[in-house]
Amino acid sequence: MSDVIRMHAVGGPAVLVAEQETLGSPAPGQVKIRQEAIGVNFLDTMFRSGTFGVSLPFVNGVEGAGEIIEVGSDVGGFQPGDRVAYFFAPGAYAQERIMDTAPLVTLPQDVPTQLAAGLLTKG
């Protein structure tokens, strides 16, 4: 089970609900990431309030960083244990997530995940 913050309606902060979900395995071209840090941005409030429409239910957050724990078939350039970060990929408010590899960047060893998670969208 993985913890996730999901919204089923738009509105104030109370629409963000802590839930648990069971993630399967990544599909071709996808990876499963254990998130170590996420960015929290003003854009997140715009999704939550309905200023930018999203399909509900929705997991907010557009940037994060962590470690790949599983790869799907047809994934090149990434393997379990790789440290990665991403931006503009909604779904960051989660302990673990499955996502496409297109928004991923590999983190150099001297870049902390906390820094990477909050830097890419603002950078």
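Everything numeric here is computed off the predicted structure, so don't read it as measured data.

Trainee: For the pairing of strand 6 (residues 83-87), give the residues involved together with the corresponding values.
Mentor: Across the 5 residues that make up strand 6, a large majority, 4, are buried. Of the strand pairs in this sheet, strand 5 (residues 63-71) and strand 6 are connected by 5 bridges, and their pairing is antiparallel. Within the sheet, the bridge partner assigned to Gly66 lies in strand 6 and is Val84.

Trainee: Residue-level account of the packing of aromatic side chains, with values.
Mentor: The final tally for this structure, using the stated rule, is 3 aromatic pairs. Ring-pair connections join several aromatic residues into one group, and the members of that group are Phe47, Phe52 and Phe58.

Trainee: Can you explain the sheet that holds strand 6? Please cite residues and give values.
Mentor: In spatial order, the strands read 7-3-5-6-8; together these 5 strands make up an open sheet with antiparallel pairing. Strands with a single pairing partner mark the edges of an open sheet, and in this sheet they are strand 7 (96-100) and strand 8 (104-106). Each adjacent strand pair in this sheet contributes to an overall mean axis angle of 45 degrees, direction not counted. Of the pairings in the sheet, the one linking strand 6 to strand 8 comprises 3 bridges and is antiparallel in character. The residue bridging Ala85 from the neighbouring strand is Val105, located in strand 8.

Rules behind the numbers
Residues numbered from 1 in each chain as written. Predicted model: local features only at pLDDT ≥ 70, side-chain atom pairs only at ≥ 80, totals over all residues. Heavy atoms only, no water. Buried < 20%, exposed > 50% of the residue type's maximum accessible area, 1.4 Å probe, protein only. Helix = DSSP H or I, 4+ residues; strand = E, 2+ residues; numbered from the N terminus. Pairing = 2+ DSSP bridges. Phe/Tyr/Trp six-rings, centres within 6.5 Å; stacked < 30°, edge-to-face > 60°. Axes fitted to C-alpha atoms, helices over the stretch in contact; angles between N-to-C directions.

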